[in-house]
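# Structure at a glance
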Amino acid sequence: MAGASVRHKHIRIDQTKLDKAKRALQAATETEALDRALSLVVSEADIDAALRQVAAKGRLKKVFL
């Protein structure tokens, strides 16, 4: 988390979802699970934005339906 702005937060969250995310992400703590999940969402959004730019230029070919 180099350069990250870390803040203490109090949130209400579905414990079942958090437990599943923790297992799926193999995180040691709930905080680690949330951080990994947020990182995944951000990276997927970056990838999606890049693909949309390429698609707008007509260079992306749909291979799978």
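Here, every reference points to the structure presented above.
This structure is a prediction, so every number in the text was calculated from the model and none was measured.

### Quick look at the overall build of the protein
Looking only at helices and strands, the protein has two helices and zero strands in total. Taking 11 Å as the expected radius of gyration for a compact globule of 65 residues, we find that the protein reaches 17 Å, considerably beyond that expectation. Taking the principal axes of its C-alpha atoms as reference, the protein extends roughly 45 × 30 × 20 Å. When the 65 residues of the protein are sorted by exposure, 5% land in the buried category. About 6300 Å² of surface is accessible on the protein, with carbon and sulfur atoms providing 57% of the total.

### Considering the layout of surface pockets
Here the largest pocket defines a volume of roughly 560 Å³. Forming the walls of the largest pocket are 15 residues, and the residues nearest its centre are Arg7, Lys9, Thr31, Leu34 and Leu38. Ranked by the residues each element gives to the lining of the largest pocket, the list is headed by helix H2 (residues 30-56), at five residues. For the lining of the largest pocket, a count of residues per class yields eight nonpolar, three polar and four charged.

Reading the values: rules and limits
- Each chain carries its own residue numbering, running from 1 in the written order of its sequence.
- Local features in this predicted model are restricted to residues whose pLDDT is 70 or higher, and side-chain atom pairs enter the listing and the counts only when it is 80 or higher, whereas totals over whole chains, interfaces and linings include all residues.
- Side-chain metrics in this entry use all non-hydrogen atoms of the structure; hydrogen atoms and water are not considered.
- Helix and strand definitions here come from DSSP, where helices need a minimum of 4 consecutive H or I residues and strands a minimum of 2 consecutive E residues; each element is numbered from the N-terminal end.
- The atom set for the radius of gyration is the C-alpha atoms, and the globule formula is 2.2 Å times the number of residues raised to the power 0.38.
- Remark: exposure states derive from per-residue accessible area (1.4 Å probe, protein chains only) relative to the maximum for the residue type, with buried under 20%, exposed over 50%, and partly exposed in between.
- Residue-level accessible areas treat just the shown protein chains as cover; the underlying method is Shrake-Rupley with a 1.4 Å probe.
- We place a 1 Å grid over just the protein atoms. Points where a 1.4 Å probe fits but has no way out form a cavity, open points with protein on both sides within 12 Å along at least 5 of 7 lines form a pocket, and any residue with an atom within 4 Å of a point lines it.
- Grid points are joined across faces, edges and corners, and a volume is the space filled by probe spheres set on the points.
- Three classes are used, and their members are as follows: Ala, Val, Leu, Ile, Met, Phe, Trp, Tyr, Cys and Pro are nonpolar, Asp, Glu, Lys and Arg are charged, and the others, Gly among them, are polar.

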